[in-house]
Amino acid sequence: MRVQRYEDAATFLSRAQDVLRAEPVTTTVIGTVAARAAAHPSPVASGTPQWWATVEDGPHVVGLAMRAAPWSPFPVHVGPMPEPAAAALADALLAEQPTVTEVNGAREAALAIAARLASASASSIETAMHLRLHELADLEVPADPPGRWRLATVADGDVVLDWYERFHAEADEQAGRPPDPNPPHFAPGELEARIDDGLMSLWVLDDLPVHLTAWNSPAHGVVRVGPVFTPREHRGRGYAAAAVARVSAAALEAGHRAVLLTDQANPTSNALYERLGYRPVTDMVNLRIVAN
């Protein structure tokens, strides 16, 4: 087994394309993040690691990983891979700086890698979040609530940014978890680029935004929907269902598959997506390696 790292997303995509095309749903996070980085290359802040990797068995790519999140402690995200590939990747990560303390992604691979890293430092593993990847089967379109759906514009940037930050904080609160000390956030210029690319939408009521649904550009025929956020005072009125249905329908009409990730600790959102026609594909996790 050999681990090959790439600092250039386009070069990685070229090498990883067979796996990304064969398993576009289970590798959706790596595929969409790498595609976005290739389409919108930007300088990386000092001290921020950014790379993608293939794990190779002879001439064959058998696993994919990346360290491309712009927030500390810069988690590593891994796709599905056989146990020997996970071991090889973990061994390569032991020399990584800054030290890897968070591993996210495909459940079995992430657990194997985190266990090897924790053992090397006499540490323990904590599960920060249980996630489940869903794919849309047959879309059930709900009745529209009052108001209308529209794409976000640059003028909506402050609202979108505030709701993106609240999405993560309130997800932790709803799940009964302590607040994430290092919540996800946008890289410089990323929010503006996503709005310019038409990847953010709002449900508005008399021109007042009441809901946000975002998505990623298609990668290998798959559109990943999210985040989906409705402020507390506007919940329970059907805005999320209507907006997610609009985005999902647009993906299908364009010939793509639609997927999304849910927090297994949030039964309300899981039930909503099930009603719309999303079905479970596989489980994923966010893991932390903590000192004993």
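Not measured: the values here are computed from a predicted model.

Engineer: Outline the side chain of His211, listing residues and values.
Structural biologist: With respect to the secondary-structure elements, His211 resides in strand β9 (residues 208-215). Given the relative accessible area of 0%, His211 is considered buried. Among the polar contacts listed, one links the side chain of His211 to the side chain of Thr230, at a separation of 2.6 Å. For His211, the contacting residues outside a window of four places in its chain are Trp163, Ser201, Leu202, Trp203, Val228, Phe229, Thr230, Tyr239, Ala240 and Ala243.

Engineer: With reference to specific residues and values, describe the packing of helix α1 (residues 9-22) against helix α2 (residues 28-39).
Structural biologist: The interhelical angle for the contact between α1 and α2, taken along N-to-C directions, is 150 degrees, at an axis separation of 9 Å. Of the possible angle classes, the one that applies to α1 and α2 is roughly antiparallel. As for how α1 packs across α2, the hand of that crossing is left-handed. On α2, the residues touching Ala9, Ala10, Phe12, Leu13 and Leu20 of α1 are Ile30, Gly31, Ala34, Ala35, Ala37 and Ala38.

Engineer: Could you give an account of the pattern of salt bridges, naming the residues involved and the relevant values?
Structural biologist: If you walk through the whole model with that rule in mind, you get 22 salt bridges. When the shortest N-O distance is used, the salt bridge between Glu56 and Arg2 registers 2.7 Å. With a gap of 54 residues between them, Glu56 in strand β2 (residues 51-57) and Arg2 in strand β1 (residues 2-6) connect regions that are remote in the sequence. Using a relative accessible area of 2% as the deciding quantity, one classes Glu56 as buried. For Asp91, the salt bridge is made with Arg116, and the minimal N-O distance between the two is 2.8 Å. Taken together, the residues Asp91 in helix α3 (residues 83-93) and Arg116 in helix α4 (residues 107-120) connect sequence positions 25 residues apart. Among the residues examined, Arg116 registers a relative accessible area of 39% and is labelled partly exposed. Overlapping salt bridges, with partners in common, bring together Asp162, Arg166, Glu170, Glu173, Arg232 and Arg235 in one network.

The rules behind each value
Residues numbered from 1 in each chain as written. Predicted model: local features only at pLDDT ≥ 70, side-chain atom pairs only at ≥ 80, totals over all residues. Heavy atoms only, no water. Helix = DSSP H or I, 4+ residues; strand = E, 2+ residues; numbered from the N terminus. Buried < 20%, exposed > 50% of the residue type's maximum accessible area, 1.4 Å probe, protein only. Polar contact = N/O pair within 3.5 Å; in protein donor to acceptor, adjacent residues only side chain to side chain. Contact = heavy atoms within 4.5 Å. Axes fitted to C-alpha atoms, helices over the stretch in contact; angles between N-to-C directions. Parallel < 35°, antiparallel > 145°, perpendicular 65-115°, else oblique. Left-handed = near helix turned anticlockwise from the far one by under 90°. Salt bridge = Lys/Arg side-chain N within 4 Å of Asp/Glu carboxyl O.

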